[in-house]
Amino acid sequence: MEVVVTGTGTEIGKTVVSAVLLARWAGRVGVTYWKPVATGAEEGSDSLEVASLAGPEVRVLKECYRFAPPLSPHLAARMAGVEIEPERILSACRRHRESAGGGLLVVEGIGGLLVPLTDRGYLLADLLKALDLPCLVVASSQLGTINHTLLTLEALRSRGLSLAGVVLNGPSNLENRRAIERFGRTRVVAELELLDPLSRETVARAASEFDRDGVLERHLLESRPDAGMG
Ligand SMILES: Nc1ncnc2c1ncn2[C@@H]1O[C@H](COP(=O)(O)OP(=O)(O)OP(=O)(O)O)[C@@H](O)[C@H]1O
Ligand SMILES: [Mg+2]
């Protein structure tokens, strides 16, 4: 089973949601986390954050590309004198999917969907299309989220990407949830409150409540390449 954790933008909670999702499944199946391209590594990495928050059961794979400045990948790569090669990421992903076996592989996106990976305008959305994995969209629960989330869903759908649902991050807001579900024709599969402190313990507690109705779990089980066969 594989899922991409993407979001309406940067710093929206993709890493925290990834940690909660991994903690939810840890103990039941093998759990693996992978951030293919990371920028801002000088401020600490998402991979280290996930390893610390989700616990020792999580296997954290090495990034394909890692850049120190907190910049868009196309720019961070240019400053490093490197060109991001999508094919390198795609072949690493094929290997990781195989090695994850029947477990859960969580792939974290970079920023939002239309973030450029190369100077030629190859976008994260192009990579996700080529990866062909269901996308979970992390969005804020707060004012402004309806517009950001609907834009993201429209971009996903117009590119033929598969939507696994939305996670709202922050204090619960029922009207925002309803609007996103209704106008975005999707399900909010989980709401994640602000964790204070943000720690392995609070992540584990949030994991027990995450996807309580099993909507995401069913979606991921049904999206497996071998689902429905045999
Ligand atoms: N539910 C939450 N509870 C507590 N802190 C949170 C929560 N969600 C996000 N944060 C904090 O907000 C900041 C941004 O969250 P996070 O790193 O998960 O965002 P991101 O979308 O992964 O960002 P990036 O685009 O850099 O990968 C972090 O400092 C994180 O600890
Ligand atoms: Mg992150």
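Please refer to the structure higher up on the page.
A brief report on the enclosed structure follows. Remember, predicted model here, so these are calculated numbers, not experimental data.

Cut-offs applied
- Residues numbered from 1 in each chain as written.
- Chains lettered and ligands numbered in written order.
- Predicted model: local features only at pLDDT ≥ 70, side-chain atom pairs only at ≥ 80, totals over all residues.
- Heavy atoms only, no water.
- Buried < 20%, exposed > 50% of the residue type's maximum accessible area, 1.4 Å probe, protein only.
- Helix = DSSP H or I, 4+ residues; strand = E, 2+ residues; numbered from the N terminus.
- Pairing = 2+ DSSP bridges.
- Donors = N, O, S within 2.8 Å, 3.2 Å for Na, K, Ca; no water.
- Contact = heavy atoms within 4.5 Å.
- Polar contact = N/O pair within 3.5 Å; in protein donor to acceptor, adjacent residues only side chain to side chain.

A few words on the pairing of strand S6 (residues 104-108). Burial of S6 is extensive: five of the five residues sit out of reach of the surface. Side chains of S6 alternate between two faces, with Leu 104, Val 106 and Glu 108 and Leu 105 and Val 107 buried alike. Here four bridges tie strand S1 (residues 2-7) to S6, and the two strands are oriented parallel to one another. Bridge pairing in S6 places Val 5 opposite Glu 108.

What follows is about the coordination of the magnesium ion (ligand 2). Within the protein, Thr 15 (OG1), Asp 46 (OD) and Glu 108 (OE) serve as the donor atoms for the magnesium ion (ligand 2), at 2.0 to 2.2 Å. Each donor residue of the magnesium ion (ligand 2) lies on one chain, and together they are spaced T-x30-D-x61-E. One end of the pair, Thr 15, is in helix H1 (residues 14-25); the other, Glu 108, is in strand S6, with 93 residues separating them in the sequence. Judged by relative accessible area, which is 10%, Thr 15 ranks as buried.

Let us now look at the environment of Arg 157. Topologically, Arg 157 is positioned in helix H6 (residues 145-158). On the basis of relative accessibility, which here comes to 32%, the residue Arg 157 falls in the partly exposed class. Separated by 58 residues in the primary sequence, Arg 157 and Ser 99 place their C-alpha atoms 29 Å from one another. Those residues in contact with Arg 157, other than ones at most four positions away along the chain, are Leu 163, Gly 184, Arg 185 and Thr 186. Side-chain polar atoms of Arg 157 contact the backbone oxygen of Arg 185, separated by 2.9 Å.

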